[in-house]
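# Tertiary structure, described
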Number of protein chains: 2
Amino acid sequence: MPHAADRLTIGELAGRSGLATSALRYYEELGLITSERTAGGQRRYHRSMLRRLAFVRAAQRVGLSLEEARHTLARLPTERAPNATQWAPVARAWQQRIDEQIAELELLRRKLSGCVGCGCLSLKKCALYNPDDTAATHGPGARWLLGDTPPEPPGRD
Amino acid sequence: MPHAADRLTIGELAGRSGLATSALRYYEELGLITSERTAGGQRRYHRSMLRRLAFVRAAQRVGLSLEEARHTLARLPTERAPNATQWAPVARAWQQRIDEQIAELELLRRKLSGCVGCGCLSLKKCALYNPDDTAATHGPGARWLLGDTPPEPPGRD
DNA sequence: GCTCGACTTCAAGCGTCCTTGAAGTAGCAG
DNA sequence: CTGCTACTTCAAGGACGCTTGAAGTCGAGC
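Below you will find a few notes about this structure. (Residues numbered from 1 in each chain as written. Chains lettered and ligands numbered in written order. Predicted model: local features only at pLDDT ≥ 70, side-chain atom pairs only at ≥ 80, totals over all residues. Heavy atoms only, no water.)

### Quick notes on the overall build of chain A
Within chain A one finds six helices and four strands. Residues counted as buried form 45% of the 157 residues belonging to chain A. A separation of at least 24 residues holds for 46% of the contacts in chain A among residues at least 6 apart in sequence. By element, 52% of the accessible surface of chain A is carried by carbon and sulfur atoms, the whole surface being about 7600 Å². (Helix = DSSP H or I, 4+ residues; strand = E, 2+ residues; numbered from the N terminus. Buried < 20%, exposed > 50% of the residue type's maximum accessible area, 1.4 Å probe, protein only. Contact = heavy atoms within 4.5 Å. Areas by Shrake-Rupley, 256 points an atom, 1.4 Å probe, with all protein chains shown as cover.)

What follows is the structure, encoded as structure tokens:
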């Protein structure tokens, strides 16, 4: 064991979190994590930072920016695990985001499925190019796949 | 109608694709789309570029970089819609990526579900912090949620 | 043939998320 | 106490995906 106390050096935190030390310093600068300093000025991290980092990583996967993660983190306890009351709204919000992402991906997947056998990406024949469900999903106006476009005037492909 | 021929100006292509003209020039620079030029040097796009752009947007949503999209695009016909033989492997590869993403999100979702009621993010008690399925999903070594970490030595949280 | 908006190029800038490098210090093993 | 690695700060750089601005040209309508 490299050192005595129950505080983690930046290298240890890096090893345990899977993040680079440079990333950890950056996160600290952003206020995502905090540290104490030794007499000599080196960082020492409380182990609760592991939780915060796990949270940040999860937040990123849910599609949040580091700034957004910071805001959410600010409403959770610093050194303690959040209790159910604190955690529930966060978890619910995230689940909603996740559900939306899954729904989007499944829509795209279905469209691709339809295309595997159809010599696809041929305008007017393919679900990838025709609104229907996409239109419903993405608001008003003709939309296909991932962008807007009129359903192609006359002309061929 | 702004002009005669069946070629699209960059403004028209932008309008129809939902992308900014600056993005279109950038894409052209990257080799994602091509254009012809008028005598005066202005770009004119074949309508098949709409398909390529739809493809690129879809690729982005599947998580590909523009570079990766370019590679894939290079194996599909330039001005024609791909046939089933050309398209099938691409669609299958994308579906696989989509499936992986969905699986990841569902895993995260399940973990969050378990946590809503548990005062979560408390080390050792919570699925978010304990390997199990995540370990299987992300290769060797102990991993929780989105990073590596040993399952916490002695001490408390 | 003029006008005016849409186009052109080129260079620089931007937001996000970090990494890299230089120059120097801390802290633990022996 | 030496020595070596891990640490420190600060500034710059870098990848990705574009956007913005300046300065100038094209081209369709009147």
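### Concerning the protein's contact with DNA strand D
Close contacts around DNA strand D come from 20 residues, with Gly11(A), Arg43(A), Ser22(B), Tyr27(B) and Thr38(B) the closest. Taking all atoms of DNA strand D within 4 Å of the protein, the share assigned to sugar and phosphate is 84%. At a separation of 2.8 Å, a phosphate oxygen of DNA strand D approaches a polar side-chain atom of Tyr27(B). Leu66(B) is positioned with one of its backbone polar atoms (N or O) 3.5 Å from a phosphate oxygen of DNA strand D. Elements with a contribution of two residues or more to the surface near DNA strand D: α1 (10–17) of chain A together with α2 (21–30) of chain B. Top element by residues in the surface near DNA strand D is α2(B). It accounts for four residues. (Near = heavy atom within 4 Å. Polar contact = N/O pair within 3.5 Å; in protein donor to acceptor, adjacent residues only side chain to side chain.)

### Here's the deal with the protein's contact with DNA strand C
Close to DNA strand C lie 21 residues; Ser22(A), Tyr27(A), Thr38(A), Gln60(A) and Arg43(B) are nearest. Restricting attention to atoms of DNA strand C within 4 Å of the protein, one finds that 85% of them are sugar or phosphate atoms. Note that a phosphate oxygen of DNA strand C is positioned 2.8 Å from one of the backbone N or O atoms of Arg43(B). Looking at the surface near DNA strand C, the elements that each hand over two or more residues are α2 (21–30) of chain A together with α1 (10–17) of chain B. For the surface near DNA strand C, the leading source of residues is α2(A), giving four residues. The residue makeup of the surface near DNA strand C, split by class, is seven nonpolar, eleven polar and three charged. (Nonpolar A, V, L, I, M, F, W, Y, C, P; charged D, E, K, R; others polar.)

Honestly, that's just the spatial picture; any functional story needs more than this.
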